[in-house]
Amino acid sequence: DPFFPISHTRLWALQLILVTCPSLLVIMHVAYREAKDQRRRATGRDNYRCTYSHPGKKRGYREDREKKNREKNGENCPKLYSNTGKKHGGLWWTYLLSLVFKASVDVIFLYIFYHFYRNYTLPRVVKCELPPCPNMVDCFISRPTEKNIFTLFMVVTTCVCIVLSLIEAAYLIGKR
C-alpha cells in the first residue's frame, strides 16, 4: 500500500467517471430546453411572436424565419429558441464550464498519477521493510512493462483531452 495506494486502472476508471459527469450535465440542460419548448408548444400560445432578427439582413428575414418555424412546428407555434444549433445563454455557460471542469479534473489526475507513480512508471522491484516483513525484502511487481505501457497510455490520453478541451473552450470564447 505505501508504494501503490490505488490501482492505476481503478484510478483511471474514477477519472473517466468524473470527466463524463459534466457531459451528462450538458445533455440534461439540452433536454430541459427541449422539454421547455415542448411544454410551450403544448399550451398553444397563439399570441407568441418570433422576435428573432439577424442584424444586416433584409426586413423580410423575420417573416421568412417565422414561416419556416410554423411549417416545422405547427401553424401557431414557432420555436422557443431561434437557433437550436447555437449555444447561447445558459447552455453556453454550462458547456464552457463543463469543458473547464473536464480539463481541471484531467490536470488533477495527472498530478495524482505523478505523485503515486513517480515519472509515470512502475519499478520492477520494490524494497519493503514494513510489517509483516521481518527485514528488508525484495517485492517484485507482476507485469511491470504492461502496467507502464498502460499508465503511459493513460497519461498521453489525458494530455490530449486537456489540450482538446482548452482548444474547444478557446474556440467557444472566440466565436462569442
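Computed from a prediction, not measured in an experiment: that's the story for all the values here.

On to the overall build of the chain. When helices and strands are counted, the chain shows 4 helices and 2 strands. Considering only intrachain contacts with a sequence separation of at least 6, the fraction spanning at least 24 residues in the chain is 71%. As displayed, the chain has an accessible area near 12200 Å², and 62% of this comes from carbon and sulfur atoms.

Looking at the element boundaries, P123 is found in the loop between α3 (90-116) and β1 (125-128). Judged by its relative accessible area of 36%, P123 falls in the partly exposed class. For the pair formed by P123 and I141, sequence separation is 18 residues and the distance between their alpha carbons is 7.5 Å.

Annotation from UniProt places "transmembrane region" (unreviewed entry) at residues 12-32, 92-114 and 149-173. Here residues 149-173 is 100% helix and 0% strand, with 36 Å between the C-alpha atoms at its ends.

If you walk through the whole model with that rule in mind, you get 0 disulfides. Here C159 stays unpaired: no disulfide links it, and the sulfur of C161, its closest cysteine neighbor, is 9.3 Å away. Exposure remark for C159: the relative accessible area of 34% places this residue in the partly exposed category.

The next subject is the nonpolar core. Taken as a class, soluble globular proteins show a tendency for nonpolar side chains to be buried jointly. Judged by nonpolar contacts, the single largest core of 13 residues is most densely connected at L110, F113 and Y120. Broken down by secondary-structure element, the contributors of at least two residues to this core are α1 (8-43), α3 and α4 (144-175). The leading source of residues in this core is α3, at 4 residues. With sequence-adjacent residues up to four places away left out, Y120 is seen in contact with L110, F113, Y114, N148, T151, L152 and V155. Counting 8 residues, the second-largest nonpolar core is a separate cluster that includes V26, L91, W92 and L96.

Criteria and cut-off values
Residues numbered from 1 in each chain as written. Predicted model: local features only at pLDDT ≥ 70, side-chain atom pairs only at ≥ 80, totals over all residues. Heavy atoms only, no water. Helix = DSSP H or I, 4+ residues; strand = E, 2+ residues; numbered from the N terminus. Contact = heavy atoms within 4.5 Å. Areas by Shrake-Rupley, 256 points an atom, 1.4 Å probe, with all protein chains shown as cover. Buried < 20%, exposed > 50% of the residue type's maximum accessible area, 1.4 Å probe, protein only. UniProt positions renumbered as here; feature names shortened; annotations may be inferred. Disulfide = S-S within 2.5 Å. Core = buried A, V, L, I, M, F, W, Y, C linked by side-chain atoms within 4.5 Å.

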